[in-house]
Amino acid sequence: MEVAALFAVTLLLGALIILVALAVGRRKEEIREEIEQAAEFAAVGSVGKVPASKKPKQEKQRSRKDKASQHTFSHQLLAASLKSHSANVTCLDFSSNGKYLASCADDRTVRIWSTKDFLDREHKCLRANVDLDYATLVRFSPDSRAFITWLANGDTIRIFKMVKKEDGTLSFKAASEDFPQKHKAPILNIGIAETGKFIMSASIDTSIHIWDLKGDVLASINTNQITNSYAAVSPCGRFVASCGFTPDVKVWEVCFGKGGEFKEVARAFDLKGHSAGVHAFAFSNDSSRMVTVSKDGTWKLWDTDVEYKKQQDPYLLRTVPCVSSEGSRVALSPDGRVVAVSDGCNVAMYSAATGQLEEELHGVHSEEINDLRFDINGRFLACSGDKAIRVFHNAPGYRAAIRDMQDMLKKAQNEAMKQRLQQQISEAQRSLDTVLAAPLD
């Protein structure tokens, strides 16, 4: 009896030991699986969480390539892509002597490019650092020896002088004091009159300030356009204009006395004819023509060479359908022959004489174009929208000049005049042929 009881107890203990062993083994397997899963999750999460120094070498190289890659663009008319900025370019300006292009960006620098290098492989530039701030706008002085900037954080104007060193290179020196803060809303544009007599600044809240070169406010303008969308100084240096929510462009003359003293800001004329708000406008070099682009889906060309003091209104020369959107920019070549309109990342170029669409440039930048302007000689059209600046040959300008000279040749009666025109036509045609025959990059 005792032997049977002892045997039963032994069997029971053996069964318990076996059950415990099985349970421990199963738990070990579960723990091993949990560790593997945790390791797998950690590996997945390490792509974004571990420090860069712990990433595999191949992954480092790939990330560098991704970081360096930029929006690529090619076109037959593309003369240059300027790519020294490390952040998005916010503004462009050509100097009045035709030698330089200034650009500013969110990378705290202003860069000065030589226009004679546009057709070269290498595009060198000079850099001016904006200390403790960054510039959103830049404009050359009339003598091309200085430029002004709008400071994003300081909300004011800073002047930089371009000083030529003994070796012929340029250095940049900021003025000892910035202009006082006057605007209460985000800034739209700044400009310097070609006469050198005043500086203009405009904000989105309908305010425009006219400054002297020392930073004193000469006059303030309320545009009464609900909001401003654009404002600028005319190339001749006489006028300041603005557009906005209302369907017109308002133009004022900044008047000075014979001795150079400031007198007043007087209303000159309005451009009326659009059926919706105006996005932007531009002047020809002598201010005898203006172009406007509107939310109503058109651009209009105006003859502004009028005697406005005798109440003569500008003449509407042409209305052309176009694609535009909020933030669209418009540029008019210095001779008034070509109109360029931006829409998002695209640019369209038109003949001002006929309104015909001559060139369409699609996907020029990876982001919306924020500046668009011709150089003083009308050879190039430049635009910005991302880290690069695109510079295009003004082929429509060459074609328009050739057409105009051919018309003049038909009417010419003097033999010397005929020969001169024939020579100029041949030179313009050769330049156009060279542009159109250039290989794509």
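The preceding data block contains the structure.
Residues numbered from 1 in each chain as written. Predicted model: local features only at pLDDT ≥ 70, side-chain atom pairs only at ≥ 80, totals over all residues. Heavy atoms only, no water.

**Student:** Describe the overall build of the protein, and please don't skip the residues or the numbers.
**Tutor:** For the protein, the count of helices and strands is four helices and 28 strands. Residue burial in the protein is summarised as follows: out of 441 residues, 45% are buried. Excluding contacts between residues fewer than 6 apart, the proportion of contacts in the protein whose partners are at least 24 apart in sequence is 47%. Of the accessible surface of the protein, which amounts to about 23,700 Å², a share of 51% is contributed by carbon and sulfur atoms. (Helix = DSSP H or I, 4+ residues; strand = E, 2+ residues; numbered from the N terminus. Buried < 20%, exposed > 50% of the residue type's maximum accessible area, 1.4 Å probe, protein only. Contact = heavy atoms within 4.5 Å. Areas by Shrake-Rupley, 256 points an atom, 1.4 Å probe, with all protein chains shown as cover.)

**Student:** Any details on the packing of aromatic side chains? Residues and values, ideally.
**Tutor:** Tallied over the entire structure, the rule returns 14 aromatic pairs. A centroid spacing of 5.1 Å and a plane angle of 75 degrees characterise the contact between Y230 and F281, whose relative ring orientation is edge-to-face. Linking Y230 in strand β14 (residues 228-233) with F281 in strand β18 (residues 278-283), this pair joins segments that are 51 residues apart in sequence. Here Y230 and F281 have matching classes, each one buried. Within the aromatic cluster, the residues linked to one another by ring pairs are F147, F160 and F172. (Phe/Tyr/Trp six-rings, centres within 6.5 Å; stacked < 30°, edge-to-face > 60°.)

**Student:** Tell me about the sheet that holds strand β20 (residues 298-303), residues and numbers included.
**Tutor:** Spatially, four strands are ordered β18-β19-β20-β21 in an open sheet, and the strand pairing comes out antiparallel. Looking at the sheet topology across the chains shown, the edges are occupied by β18 and β21 (315-321). Recorded for the sheet is a direction-independent mean angle of 20 degrees between the axes of neighbouring strands. (Pairing = 2+ DSSP bridges. Axes fitted to C-alpha atoms, helices over the stretch in contact; angles between N-to-C directions.)

**Student:** Describe the environment of K161, listing the residues and the values that go with them.
**Tutor:** Note that K161 resides in strand β8 (residues 156-164). Between the alpha carbons of K161 and F172 there is a distance of 5.6 Å; along the sequence they are eleven residues apart. Not counting the four nearest positions on each side in its chain, K161 is found in contact with R145, A146, S171, F172 and K173.

**Student:** Explain the sheet that holds strand β15 (residues 239-244) to me, and be specific about the residues and the numbers.
**Tutor:** On the basis of which strands lie adjacent, the open sheet formed by four strands has the order β14-β15-β16-β17 and antiparallel pairing. The sheet is open, and its two borders are formed by β14 and β17 (262-272), each paired with just one other strand. Between one strand axis and the next, the sheet turns through 20 degrees on average, direction left out of account.

**Student:** Report on the environment of I389, specifying residues and quantitative values.
**Tutor:** Relative to the assigned elements, I389 resides in strand β28 (residues 389-393). A relative accessible area of 0% means that I389 is categorised as buried. Residues I389 and S84 lie 305 residues apart in sequence; the distance between their C-alpha atoms is 9.2 Å. Each residue touching I389, except ones within four places of it in the same chain, is listed here: A80, S81, L82, V89, L92, L101, S103, W113, H365 and C383.

**Student:** Break down the layout of surface pockets for me, with residues and values.
**Tutor:** Roughly 800 Å³ of internal volume is contained in the largest pocket. Looking at the largest pocket, it is lined by 36 residues, and the ones nearest its centre are D93, F94, V233, P235 and R373. Residue assignment for the lining of the largest pocket shows that the elements contributing at least two residues are β2 (89-94), β6 (135-140), β10 (187-192), β14, β18, β22 (330-332) and β26 (371-374). Among the residues forming the lining of the largest pocket, the class breakdown is 21 nonpolar, eight polar and seven charged. (1 Å grid on protein atoms, 1.4 Å probe; cavity = no way out; pocket = protein on both sides within 12 Å on 5 of 7 lines; lining within 4 Å. Points joined across faces, edges and corners; volume = space filled by probe spheres on them. Nonpolar A, V, L, I, M, F, W, Y, C, P; charged D, E, K, R; others polar.)

**Student:** Which residues make up the pairing of strand β9 (residues 170-174), and what values go with them?
**Tutor:** Two elements, β8 and β9, share five bridges in a ladder whose sense is antiparallel. When the bridges of β9 are listed, K161 appears paired with K173. What sits between β8 and β9 in their antiparallel hairpin is a turn of five residues, with G168 showing a positive phi close to 95 degrees.

**Student:** Mind laying out the pattern of salt bridges, listing which residues take part and the relevant values?
**Tutor:** Under the definition given, this model contains 13 salt bridges. E326 is paired through a salt bridge with K295; the nearest N and O atoms lie 3.8 Å apart. Of this pair, E326 sits in the loop between β21 and β22 while K295 is found in the loop between β19 (289-294) and β20, placing the two residues 31 residues apart along the sequence. Exposure remark for K295: the relative accessible area of 41% places this residue in the partly exposed category. Among the charged side chains, a network of salt bridges with common partners joins E358, E359, R399 and R403. (Salt bridge = Lys/Arg side-chain N within 4 Å of Asp/Glu carboxyl O.)

**Student:** I'd like a rundown of the side chain of S284, residues and numbers included.
**Tutor:** Inspection of the secondary structure puts S284 in the loop between β18 and β19. Within the local environment of S284, its side chain forms a polar contact with the side chain of D286, the two groups lying 2.9 Å apart. Within the local environment of S284, its side chain forms a polar contact with the backbone nitrogen of S288, the two atoms lying 3.4 Å apart. Excluding its chain neighbours within four sequence positions, the residues that come into contact with S284 are P235, R289, L332, S333, P334 and G336. (Polar contact = N/O pair within 3.5 Å; in protein donor to acceptor, adjacent residues only side chain to side chain.)

**Student:** Got a sec to walk through unusual backbone geometry? Specific residues and values, please.
**Tutor:** A negative phi holds for most residues other than glycine; trans holds for most peptide bonds. One non-glycine residue, L132, lies in positive phi territory at about 60 degrees. With respect to the element layout, L132 can be found in the loop between β5 (125-129) and β6. Among the residues examined, L132 registers a relative accessible area of 81% and is labelled exposed. Even without a glycine there, the phi angle at I226 is positive, about 70 degrees. The residue I226 is located in the loop between β13 (217-222) and β14 in this model.

**Student:** Which residues make up the pairing of β20, and what are the values?
**Tutor:** Within β20, six of the six residues are buried, leaving the element largely enclosed by the surrounding structure. Residues of β20 alternate between two faces, with T298, K300 and W302 on one and W299, L301 and D303 on the opposite face, all of them buried. Pairing of β19 with β20, which is carried by five bridges, proceeds in the antiparallel orientation. Residue M290 lies in a different strand from β20, and its bridge partner there is W302. Between β19 and β20, which follow one another and run antiparallel, lie three residues, and G297 among them has a positive phi close to 80 degrees. Looking at chain direction, β20 and β21 are connected through six bridges and run antiparallel. The residue bridging W299 from the neighbouring strand is V320, located in β21.

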